[in-house]
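Structure at a glance
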Amino acid sequence: MLKKLLRYDLRFVFRYWWIAALSATALSVLGGVSFSLLIVEKPPHALISVLLGLTIALAVISLVVFSVLSAIVIYIRFYKNFFTDEGYLTFTLPVKIGHLLGSKLLTALITTVATGLVLFADIYLMCAIGGGVELLEDLHALVEIFFENMPFYAYVYAVQILLLLLLSSVLSFLFLFCCITFGSIITKKAKVPAAIGIYYVANWVFSGFLQIIILFSVPALAEKIFALRESAQGTVIEDKSAEGGSQYTVKVKVTNVGAVAGKDVVQLYVTPPYTP
């Protein structure tokens, strides 16, 4: 049953999504052509330059609008499927609430990934058309150098970042779904404004709570760091400069005298003598 629900939700979302995606791609191509004409061709008239600049700005704005509309259509689907006349029919189906919510969440994730891929492709097209072959070759060379010099642990970090982004997206969707639910429960006439108000109030409360935590945690952290720095004293225990070189061995003892456990990085600053 979850597959059927997911198919219906995706059909509703992508019925409008592909129009915005195609429009953003077309404007990105037009923006790339305008950028190429503006920078490479250098039109003789100022009016043409202004029009080309406005076209580029419109292409960039279209990418922002496309990403916003992609998010809005997700929440419209959730709202209509649960809290309008359509919601009455939804709850008469022999379907578990978990399947309904899971379908909406999977639809949101799939739409977000598709939106990200389209945005990446549009930006790539804009750069390819506007910058030409040389820019693409430079970008490909940078990517190759990056992956060739990328250590193994960096891939582990990249996987962790992707998992964190996925978790953050899931929590964001669930948070907005909760705001829409509470807004629809509190009032029957102004459900959407109520949901928006709950969203901003909840964000304000969470932000204030985080600021309070940071306010009380930063002094303890600063005390720990300064205590570590004040207790670090270096002593030169071996000097081989008399043997014709400039080799020194420095021994440092670091003690955490603060109340908070932690780690510190010892830094050694050396100023070599001036030799003409």
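Below: a short report on this structure. In this text, all values refer to a predicted model and were calculated from it rather than measured experimentally. (Residues numbered from 1 in each chain as written. Predicted model: local features only at pLDDT ≥ 70, side-chain atom pairs only at ≥ 80, totals over all residues. Heavy atoms only, no water.)

In this section: the overall build of the chain. Within the chain, the secondary structure is distributed over 6 helices and 2 strands. For the chain, the residues scored as buried account for 24% of the 276 residues in total. For the chain, the accessible surface area stands at approximately 19,700 Å², while carbon and sulfur atoms represent 71% of it. (Helix = DSSP H or I, 4+ residues; strand = E, 2+ residues; numbered from the N terminus. Buried < 20%, exposed > 50% of the residue type's maximum accessible area, 1.4 Å probe, protein only. Areas by Shrake-Rupley, 256 points an atom, 1.4 Å probe, with all protein chains shown as cover.)

On to the nonpolar core, then. Among the nonpolar cores identified, the biggest contains 30 residues, and Trp17, Phe66, Ile74, Tyr75 and Phe173 are the most heavily contacted of them. Listing elements by their share of this core, those giving two or more residues are α1 (2–41), α2 (46–83), α4 (97–148) and α5 (152–186). Here this core takes 9 residues from α2, the largest share from any one element. Not counting residues up to four positions away in its chain, the partners in contact with Tyr75 are Phe173, Leu176, Phe177 and Ile180. (Core = buried A, V, L, I, M, F, W, Y, C linked by side-chain atoms within 4.5 Å. Contact = heavy atoms within 4.5 Å.)

Summed over all chains, the structure comprises 0 disulfides. The thiol of Cys179 is unpaired, and the distance to the nearest cysteine sulfur, on Cys178, comes to 7.0 Å. (Disulfide = S-S within 2.5 Å.)

A grouping of Val143, Phe146, Phe147, Phe152, Tyr153, Tyr155, Val156 and Tyr157 is seen on the molecular surface, where their side chains present a nonpolar patch of about 880 Å² in accessible area. When residues of the nonpolar patch are traced back to their parent elements, those giving at least two are α4 and α5. Counting residues per element, the nonpolar patch draws most heavily on α5, which supplies 5 residues. By the element assignment, Val143 lies in helix α4. When its relative accessible area of 42% is taken as the criterion, Val143 is described as partly exposed. (Patch = residues over 30% accessible without salt bridge, like charges linked within 9 Å, V, L, I, M, F, W, Y side chains within 5 Å. Salt bridge = Lys/Arg side-chain N within 4 Å of Asp/Glu carboxyl O.)

The subject of this paragraph is the pattern of salt bridges. Within this structure, the stated rule accounts for 2 salt bridges. For the salt bridge of Asp9 with Arg77, the shortest nitrogen-to-oxygen distance reads 2.8 Å. Placement of the pair is Asp9 in helix α1 and Arg77 in helix α2, with a sequence separation of 68 residues. With respect to class, Asp9 is no different from Arg77; both count as buried. Given the relative accessible area of 2%, Asp9 is considered buried. Within the structure, one salt-bridge network assembled from shared partners comprises Asp9, Arg77 and Lys104.

Without other data, these values stay purely geometric and don't point to any function.
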